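Geometric and topological summary
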Amino acid sequence: MQRLSTLPHMATWGEFHSARPDIADIGRGLLYNFGIGLGFLATVRPDGGPRVHPICPILTDDHLYALIVPGPKLNDLRRDGRIALHSETVPPPHQDDAFYLSGMAAEVNENGTWEQIAKQFLAERDLGARWPGFEAQVLFEFVFDRCLLTLTEPREGLPAGHTVWRQQQTTSA
C-alpha cells in the first residue's frame, strides 16, 4: 500500500487545478456529467494484466477520492496502486468528449476524511441513510501525473481533439 508522501511527481486534484484550471474544470464536468461522479477505473490484476471497473469518483476542491467495496478492485489497489480513470461516455453531439488520468491510489485511513467523503457521496445522490455494508468501503485518494482531455469541438479556449497535461518533474538540489 502506498502513502501519498512516498509518491514522487504526482499531483492532487487541487495541484492539477492550480496548474490547468481549464482542463480541470472541463474534466470535473465530464466526471460529473450525469450529476454524480461516474467513470471507469483500471487497476492491475495479480498476473499484471488490466482490470476495468465501473466507479463513482468523488471530487472535492482539492482531492479526488473513491470509496471502494471489498473485492478484486480493492485487492488490486492494495497490492499495486497504479490506476487509470476514464470518464463515462457522453451522448452525441459531444460523443468524443472524454477525460482520462493515470497515476496512483493511496489508501486514506483517517476516519474524519472517510466520514466527510461518505457524507458527500450520499448527498450527491440525495440519500439520507447508509445501506448495510456501506461502512465496509475503503477510502482511496487518486493522485496522478498525466491526464488527457478529448473534445468533440473547441470549448472554453481549448481545441477540438486531444489536450495532454503532464505533472512537471522536479529535481532536488
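The following refers to the structure shown.

Conventions adopted
Residues numbered from 1 in each chain as written. Predicted model: local features only at pLDDT ≥ 70, side-chain atom pairs only at ≥ 80, totals over all residues. Heavy atoms only, no water. Helix = DSSP H or I, 4+ residues; strand = E, 2+ residues; numbered from the N terminus. Rg over C-alpha atoms; globule rule 2.2 N^0.38 Å. Buried < 20%, exposed > 50% of the residue type's maximum accessible area, 1.4 Å probe, protein only. Contact = heavy atoms within 4.5 Å. Areas by Shrake-Rupley, 256 points an atom, 1.4 Å probe, with all protein chains shown as cover. Salt bridge = Lys/Arg side-chain N within 4 Å of Asp/Glu carboxyl O. Pairing = 2+ DSSP bridges.

**A short note on the overall build of the protein**
Counting its secondary structure elements, the protein contains four helices and eight strands. Compactness check: the protein gives a C-alpha radius of gyration of 16 Å against a globular reference of 16 Å for 173 residues, within 12% of the reference. Counting all 173 residues of the protein, 45% fall into the buried class. Counted over contacts in the protein with a minimum sequence separation of 6, partners at least 24 positions apart contribute 67%. When the accessible area of the protein is evaluated, it comes to approximately 9,000 Å², of which 53% is carbon and sulfur surface.

**Details of the pattern of salt bridges**
Under the defined criterion, the tally for this structure stands at eleven salt bridges. Where Arg20 meets Asp22, a salt bridge forms, and the shortest distance between an N and an O atom there is 2.7 Å. Notably, a salt bridge pairs Glu135 with Arg130, separated by 3.2 Å at the nearest N-O pair. The class of Arg130 is partly exposed, set by a relative accessible area of 31%. Members of the salt-bridge network, linked through shared partners, are Arg51, Asp76 and Arg79.

**Digging into the environment of Asn75**
Summarising the element assignment, Asn75 is placed in helix 3 (residues 72-79). Placed 32 residues apart in sequence, Asn75 and Thr43 show a C-alpha to C-alpha distance of 9.6 Å.

**Let's talk about helix 2 (residues 21-31)**
Regarding helix 2, the residues found buried are Ile23, Ala24, Ile26, Gly27, Leu30 and Leu31. Tucked into the core, helix 2 has its buried residues touching helix 1 (13-19), strand 3 (58-59), strand 5 (82-87), strand 6 (98-107), strand 7 (138-151) and strand 8 (161-166).

**Things to note about the pairing of strand 6**
Most of strand 6 sits out of view: nine of its ten residues are buried. As judged from the five bridges shared by strand 5 and strand 6, these two strands associate in the antiparallel manner. When the sheet's bridge partners are listed, Ala84 is paired in strand 6 with Ser102. For strand 6 and strand 7, the ladder comprises ten bridges, and the chain directions are antiparallel. Among the inter-strand pairings, Glu107 is bridged to a residue of strand 7, identified as Phe140.

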